[in-house]
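For reference, the chains in residue letters:
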Amino acid sequence: MSVSTPAAQAARWSSLRLRQSAHLRDFCAETSFTAAHLVQPIFIVESLKVSEAIPGLDGNFRLGINAALDTIAGDVAAGVRHFLLFPVPTAPGPFGAFAARAVEAIKRRFGNELCLWVDICLCSSTADGHCAISDANRRIDLDATLAALEEMTLRIADAGADGASPSDMMDGRTARLRGALDGGGHGAVPIMSYSTKFASRFYGPFRTAAGSAPKHGTREHYQIDVRSRTDAIGSSVRCANEGADLLMVKPGMTSIDLIAPIREATGKLVGAYQVSGE
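Residues numbered from 1 in each chain as written. Predicted model: local features only at pLDDT ≥ 70, side-chain atom pairs only at ≥ 80, totals over all residues. Heavy atoms only, no water.

### A few points about helix H5 (residues 142–159)
How we decide: Helix and strand assignments follow DSSP, with helices taken as H or I runs no shorter than four residues and strands as E runs no shorter than two, numbered in order from the N terminus. Helix span is expected to be 1.5 Å times the residue number reduced by one. When checking whether two residues touch, look at their non-hydrogen atoms; a contact exists if any pair is within 4.5 Å.
Between its terminal C-alpha atoms H5 stretches 26 Å, which fits the 26 Å expected from 18 residues at 1.5 Å a residue. In this structure, the buried residues of H5 make contact with strand E4 (82–88), helix H4 (97–110), strand E5 (115–120), strand E6 (163–166) and helix H6 (173–183). Positive backbone phi, at 115°, marks Gly160, one or two positions downstream of H5.

Below is the structure:
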């Protein structure tokens with residue numbers, strides 16, 4: 001008699017996650033580059049009733065849920081199949097609560113017509129706009145941050161998200177989220193990790209869109225220094241070893257030379273995020 005343990009279940013799903021739907025198989029195809037490989041970012045703001053233009057990103061908008069559904073419908077009609085949701089809650093609350101409601105609305109309307117990834121980060125929910133929970137001395141509380149990221153990830157997975165995409169750059173986050181998904185009955189949900197994310201001024205328009213500009217300081221103490229190629233490659237290797245299914249470099253244009261060595265070092269597919277149309 002064989003016994004199926006959580007670890008055995010996780011190991012079994014590790015080779016199946018990216019094969020389970022046509023959208024994911026097309027996304028990972030290596031014989032050509034098509035629209036099936038593109039991901040459309042969607043900024044959904046809980047408080048919005050009308051769309052707001054994003055300064056510096058002409059033709060892109062912050063959207064309320066209803067406007068987002070209409071925008072996604074147009075993109076699906078144009079052939080887009082992968083979407084990356086950036087949820088912007090009105091006020092601090094249970095981490096991932098608004099994101100889960102947005103996921104439910106999108107999946108209720110579109111079902112399996114699309115593959116919905118959700119950005120996993122705290123920057124739109126914390127009072128100071130940072131990607132981590134800080135203590136009274138403004139130092140990162142890593143344990144509290146990882147617990148909050150886990151809470152958000154489980155909520156969006158329960159709501160029907162197709163994938164989780166952690167962007168916070170906290171140490172150990174990928175292993176923590178993989179363990180939470182596997183233990184929570186979501187072993188089939190893949191992780192597309194922002195595995196090599198540099199501190200950069202290119203993020204200005206994006207932070208306006210996500211309502212996540214830091215209220216103090218910078219993010220240089222947890223995002224990668226652009227001068228450190230060793231750290232850049234090592235960060236992706238760590239994410240791959242912790243269970244990420246797909247990897248990402250960001251900002252895209254300044255990181256193109258890292259895609260091949262990261263792919264060689266990890267054996268994982270690597271994407272590039274053009275963060276502000278740079």
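### A short note on the sheet that holds strand E3 (residues 61–63)
Note the following rule: A pair of strands is labelled paired if DSSP reports no fewer than 2 bridges between them.
Read across the open sheet, the 6 strands follow the order E2-E3-E1-E4-E5-E6; overall the sheet is mixed. A strand with exactly one partner marks an edge of an open sheet, and here the two such strands are strand E2 (52–53) and E6. Here E4 runs beside E5; their pairing, made up of 4 bridges, is parallel. The residue bridging Phe83 from the neighbouring strand is Leu116, located in E5.

### Topic: the state of the cysteines
Keep this limit in mind: Sulfur atoms of two cysteines make up a disulfide when they are within 2.5 Å. Remark: exposure states derive from per-residue accessible area (1.4 Å probe, protein chains only) relative to the maximum for the residue type, with buried under 20%, exposed over 50%, and partly exposed in between.
Under the counting rule described, the total for this entry stands at 0 disulfides. Here Cys121 is not cross-linked by a disulfide; its sulfur's nearest cysteine counterpart is in Cys131, at 3.5 Å. The class for Cys121 is buried, based on a relative accessible area of 6%.

### Digging into empty space enclosed by the protein
Rules: A 1.4 Å probe that fits but cannot get out identifies a cavity on a 1 Å grid over protein atoms alone, an open set with protein on both sides within 12 Å along at least five of seven lines counts as a pocket, and a residue lines either if it has an atom within 4 Å of a point. Grid points are joined across faces, edges and corners, and a volume is the space filled by probe spheres set on the points. Gly is placed with the polar residues, together with every amino acid not listed as nonpolar (Ala, Val, Leu, Ile, Met, Phe, Trp, Tyr, Cys and Pro) or charged (Asp, Glu, Lys and Arg).
Scanning the model with the defined rule gives 1 cavity of 30 Å³ or more in all. Of the volumes computed, that of the largest cavity is approximately 90 Å³. Along the wall of the largest cavity there are 14 residues; nearest its centre are Cys123, Lys197, Phe206, Arg219 and Lys250. Mapped onto the lining of the largest cavity, the elements with two or more residues apiece are strand E7 (192–197) and helix H7 (204–210). Looking at the lining of the largest cavity residue by residue, the classes come out as 7 nonpolar, 2 polar and 5 charged.

### Some points on the layout of surface pockets
It is a probe the size of a water molecule, rolled over the atoms, that shows where empty space is left. What the largest pocket holds in volume is close to 890 Å³. Around the largest pocket sit 32 residues that line it, and His37, Leu38, Val39, Gly271 and Ala272 are the ones nearest its centre. Sorting the residues of the lining of the largest pocket by element identifies strand E1 (39–45), strand E8 (246–250), helix H9 (256–266) and strand E9 (270–272) as the ones contributing at least two each. Per-element accounting of the lining of the largest pocket gives the leading share, 4 residues, to E1. Class assignment for the residues of the lining of the largest pocket results in 22 nonpolar, 8 polar and 2 charged. Estimated volume of the second largest pocket: approximately 340 Å³. Lining the second largest pocket are 15 residues, and of these Ala199, Ser200, Arg201, Thr218 and Glu220 sit closest to its centre. Here the residues of the lining of the second largest pocket sort into 5 nonpolar, 5 polar and 5 charged.

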